[in-house]
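Now for the letters of each chain:
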Amino acid sequence: MDSTVAYPDPPAPSCIPPVWSWLLESQDGPQHLEQALHILGRERDWDSGILAWKRQQSLLFLALVAAVCLGLNLIFLAAYLVCVCCCRQEDVAQTKQRQSCCITWTAVAAGLVCCAAVGVGFYGNSETNDGVYQLMYSLEDANHTFSGIDALVSGTTEKMKVDLEQHLARLSEILAARGDYMQTLKFIQQMAGSVVAQLSGLPMWREVTMELTKLFDQSGYVEYYRWLSYLLLFILDLVICLMACLGLAKRSKCLLASMLCCGALSLLLSWASLATDAAAAVGTSDFCVAPDTFILNITEGQISTEVTRYYLYCSQSGSSPFQQTLTTFQRALTTMQIQIAGLLQFAVPLFSTAEKDLLAIQLLLNSSESSLHQLTAMLDCRGLHKDYLDALTGVCYDGLQGLLYLGLFSLLAALAFSIMICAGPRAWKHFTTRNRDYNDIDDDDPFNPQAWRMAAHNPPRGQLHSFCSYSSGLGSQTSLQPPAQTISNAPVSEYMNQAMLFGRNPRYENVPLIGRASPPPTYSPSMRATYLSVADEHLRHYGNQFPA
């Protein structure tokens, strides 16, 4: 009975690196040309130490490029700010209007660029997160497969070494009188030893599972904080845009200063994120151009090259390196089952006490055969090769594409905040000029709002001729002086009736407005009596000059 199952040959899957992987690889030096030639089939002698040193050089070069770009950006901003602060323009109304319009449209453009950058960043962050989690799922699935293989191998070995040996030892005592039966037991013991020897030839995946578990944990930890950091950066950029809009709308120098400080900080963070994204993208593309070679190098010394190639390529025409082991295992189990069946048929009628151990051995062999089928399915290359392709898809397509979008976000954010920083000093200068022009208004101008506020807080009390006051104010009612202006002799009740007509409720005031051109308001009953007495006195005093 052959344990190997004849599966239909699937189409050979392939994982072609995306175009941007090759484009990024061109930034990493001549060693990537050798990798490309190796993919085409040429042999190459890898020196891992030199390759790692070259990769470190490439990443350092990218970090240096980002630092140089940041320095140039800061120099440009500093030169522009110096020019804006030192340049003086004539305060012409048309120039002010044009400057205000320029500042507005500059802020609008910067806000649109910032919003577009945040949108691109959200998409790139989501793509990168999807790629990393697809890698983690593939690692977890592969780790589950490797752990299952080790569990089946160790369990079957223990059954053959411990459980089967115990049953065979008891059967040897029971069947010691029959030499032919003893020969059969020895033959079964030899077959069990052969199975154990074949299983010991299978690779142990314990170290591989430990490495995969470590990689899984590290990937999840780094990805969580990477995703959260970019999310906070997006929120910071949007808050800065909101501060810029509010500062310009409310003409607030405090908001404008806060926007400039936060914009400078976000500019530094944008260039730092660009350097990080570029380094991660180049390192990822370095892996994606030749992932098979990379895995062969890191597994060298732990797993045989034949086994690694079997799982990496999973060729239709290639044979499994475990084929001979599994076939020998199946044949040994079949032979032992035949021998146990013969003993059950011929030895049990003579030795009834041997039936229990023979049935236990038969059950053990059946469970071992079931384990063999599971082991055959797990050792097949198609399951692990699918996990491998899923991991490559997550890293080299979604992950790398997300990193490129995050790099584009960093560039757009740096551009947007550079524009905001350039527009900030002009807006500040425009606010200062506007306030200076506002303060230059004549204080004697009756239409000056500032003069109104000053008059409200500091009234010219020396020129007021009031007929009554508050208890701590302008004197008592007995010290009232007659006004020099002409007063109206209209009855008070007429004004009160008008107040009732138009205001619906009588309005009482403490200070009468006699001496003004405006009509007097209504008064409280006490004030009305005082007003009538004073009015009568005025009529008697000026009766000849102002006849009724």
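- The name given to the chain in an unreviewed UniProt entry is Protein tweety homolog, with Callithrix jacchus as the source organism.
- Of the comments in the UniProt record for the chain, the one headed Function (unreviewed entry) reads "Probable chloride channel."
- On record in UniProt, under Sequence similarities (unreviewed entry), the comment for the chain is "Belongs to the tweety family."

### Structural notes on the overall build of the chain
Turning to step 1, where the next piece is worked out: Regarding its fold elements, the chain presents 15 helices and 0 strands.
Turning to step 2, where the next piece is worked out: A buried classification covers 38% of the 548 residues belonging to the chain.
Turning to step 3, where the next piece is worked out: If you take every contact in the chain between residues at least 6 apart in sequence, the share linking residues at least 24 apart comes to 81%.
Turning to step 4, where the next piece is worked out: As displayed, the chain has an accessible area near 31,700 Å², and 61% of this comes from carbon and sulfur atoms.

### What about unusual backbone geometry?
Turning to step 1, where the next piece is worked out: Phi at cysteine 314 is positive, roughly 50°, even though this residue is not glycine.
Turning to step 2, where the next piece is worked out: Relative to the elements of secondary structure, cysteine 314 occurs in the loop between helix H9 (305–313) and helix H10 (323–346).
Turning to step 3, where the next piece is worked out: For cysteine 314, a relative accessible area of 11% puts it in the buried group.

### A closer look at the confidence of the model for the chain
Turning to step 1, where the next piece is worked out: Confidence in the prediction of the chain, expressed as mean pLDDT, is 74, and 64% of residues score 70 or more.
Turning to step 2, where the next piece is worked out: Per-element confidence in the chain is highest for helix H11 (residues 355–379), whose mean pLDDT is 92, and lowest for helix H2 (residues 31–39), whose mean pLDDT is 40.
Turning to step 3, where the next piece is worked out: Contacts for the low-pLDDT stretch residues 434–442, under 50 throughout, to residues beyond four places or in other chains number 10 contacts.
Turning to step 4, where the next piece is worked out: The low-confidence segment residues 460–492 (pLDDT under 50) makes 41 contacts with residues lying over four places distant or belonging to another chain.

### Some thoughts on the pattern of salt bridges
Turning to step 1, where the next piece is worked out: The final tally for this structure, using the stated rule, is 5 salt bridges.
Turning to step 2, where the next piece is worked out: Between lysine 386 and aspartate 390 there is a salt bridge, with its nearest N and O atoms 3.1 Å apart. Of this pair, lysine 386 and aspartate 390 both sit in helix H12 (residues 381–439), 4 residues apart, roughly one helical turn.
Turning to step 3, where the next piece is worked out: Of the residues examined, lysine 386 reaches a relative accessible area of 51% and is grouped as exposed.
Turning to step 4, where the next piece is worked out: Judged by its relative accessible area of 23%, aspartate 390 is partly exposed.

### Details of the environment of alanine 264
Turning to step 1, where the next piece is worked out: Inspection of the secondary structure puts alanine 264 in helix H7 (residues 253–289).
Turning to step 2, where the next piece is worked out: Residue alanine 264 is classed as partly exposed on the basis of its relative accessible area of 33%.
Turning to step 3, where the next piece is worked out: As a C-alpha pair, alanine 264 and alanine 414 span 150 residues in sequence and 9.5 Å in three-dimensional space.

### Re the layout of surface pockets
Turning to step 1, where the next piece is worked out: Considered as a void within the structure, the largest pocket measures approximately 1,600 Å³ in volume.
Turning to step 2, where the next piece is worked out: For the largest pocket, the lining is made up of 45 residues, of which Leu135, Leu139, Leu215, Phe287 and Val395 are closest to its centre.
Turning to step 3, where the next piece is worked out: Of all the secondary-structure elements, those providing two or more residues to the lining of the largest pocket are helix H4 (93–174), helix H6 (206–250), H7, helix H8 (291–298), H9 and H12.
Turning to step 4, where the next piece is worked out: Across the lining of the largest pocket, the residue classes break down as 27 nonpolar, 13 polar and 5 charged.

### Topic: the packing of H8 against H9
Turning to step 1, where the next piece is worked out: Where H8 contacts H9, the two axes come as close as 10 Å, and the packing angle between them is 150°. When the axes of H8 and H9 are compared, the pair comes out roughly antiparallel. Of the two possible hands of crossing, H8 and H9 adopt the one that is right-handed. Counting all contacts with H8, which are made through Asp292, Ile295 and Leu296, the residues of H9 involved are Thr305, Thr308, Arg309, Leu312 and Tyr313.
Turning to step 2, where the next piece is worked out: The class makeup of the residues in the contact of H8 with H9 is 4 nonpolar, 2 polar and 2 charged.

### Points about the UniProt feature "transmembrane region" (unreviewed entry) in the chain
Turning to step 1, where the next piece is worked out: UniProt marks residues 59–82, 102–123, 227–248, 255–274 and 403–424 with the feature "transmembrane region" (unreviewed entry), using the numbering shown here.
Turning to step 2, where the next piece is worked out: Taken end to end, residues 102–123 is 100% helix and 0% strand, and its first and last C-alpha atoms sit 32 Å apart.
Turning to step 3, where the next piece is worked out: Measuring from the first to the last C-alpha atom of residues 227–248 gives 32 Å, for a span that is 100% helix and 0% strand.

### Here's the deal with the side chain of threonine 128
Turning to step 1, where the next piece is worked out: Relative to the helices and strands, threonine 128 resides in helix H4.
Turning to step 2, where the next piece is worked out: Excluding anything up to four places from it in sequence, threonine 128 contacts Glu223, Arg226, Asp398, Gly399, Gly402, Leu403 and Leu406.

### Focus: the packing of aromatic side chains
Turning to step 1, where the next piece is worked out: Applying the stated criterion across every chain, the model contains 14 aromatic pairs.
Turning to step 2, where the next piece is worked out: A ring pair is formed by phenylalanine 122 and phenylalanine 234, whose centres lie 4.8 Å apart and whose planes are at 50°; its orientation type is tilted. Taken together, the residues span a long stretch of sequence, with phenylalanine 122 in helix H4 and phenylalanine 234 in helix H6 at a distance of 112 residues.
Turning to step 3, where the next piece is worked out: Take phenylalanine 234: its relative accessible area is 0%, and that puts it in the buried class.
Turning to step 4, where the next piece is worked out: Between tyrosine 310 and phenylalanine 322 the ring centres are 6.2 Å apart and the planes differ by 85°, which places this aromatic pair in the edge-to-face class. Placement of the pair is tyrosine 310 in helix H9 and phenylalanine 322 in the loop between H9 and H10, with a sequence separation of 12 residues. The two residues tyrosine 310 and phenylalanine 322 agree in class, both being buried.
Turning to step 5, where the next piece is worked out: Linked through ring pairs, Phe146, Trp205, Tyr310, Tyr311 and Phe322 together constitute an aromatic cluster.
Turning to step 6, where the next piece is worked out: Sitting over the ring of tyrosine 181, arginine 178 keeps its end group 4.5 Å from the ring centre.

So, how was this worked out
Residues numbered from 1 in each chain as written. Predicted model: local features only at pLDDT ≥ 70, side-chain atom pairs only at ≥ 80, totals over all residues. Heavy atoms only, no water. UniProt positions renumbered as here; feature names shortened; annotations may be inferred. Helix = DSSP H or I, 4+ residues; strand = E, 2+ residues; numbered from the N terminus. Buried < 20%, exposed > 50% of the residue type's maximum accessible area, 1.4 Å probe, protein only. Contact = heavy atoms within 4.5 Å. Areas by Shrake-Rupley, 256 points an atom, 1.4 Å probe, with all protein chains shown as cover. pLDDT = per-residue confidence, 0-100. Salt bridge = Lys/Arg side-chain N within 4 Å of Asp/Glu carboxyl O. 1 Å grid on protein atoms, 1.4 Å probe; cavity = no way out; pocket = protein on both sides within 12 Å on 5 of 7 lines; lining within 4 Å. Points joined across faces, edges and corners; volume = space filled by probe spheres on them. Nonpolar A, V, L, I, M, F, W, Y, C, P; charged D, E, K, R; others polar. Axes fitted to C-alpha atoms, helices over the stretch in contact; angles between N-to-C directions. Parallel < 35°, antiparallel > 145°, perpendicular 65-115°, else oblique. Left-handed = near helix turned anticlockwise from the far one by under 90°. Phe/Tyr/Trp six-rings, centres within 6.5 Å; stacked < 30°, edge-to-face > 60°. Lys NZ or Arg CZ within 6 Å of the ring centre and 35° of its normal.

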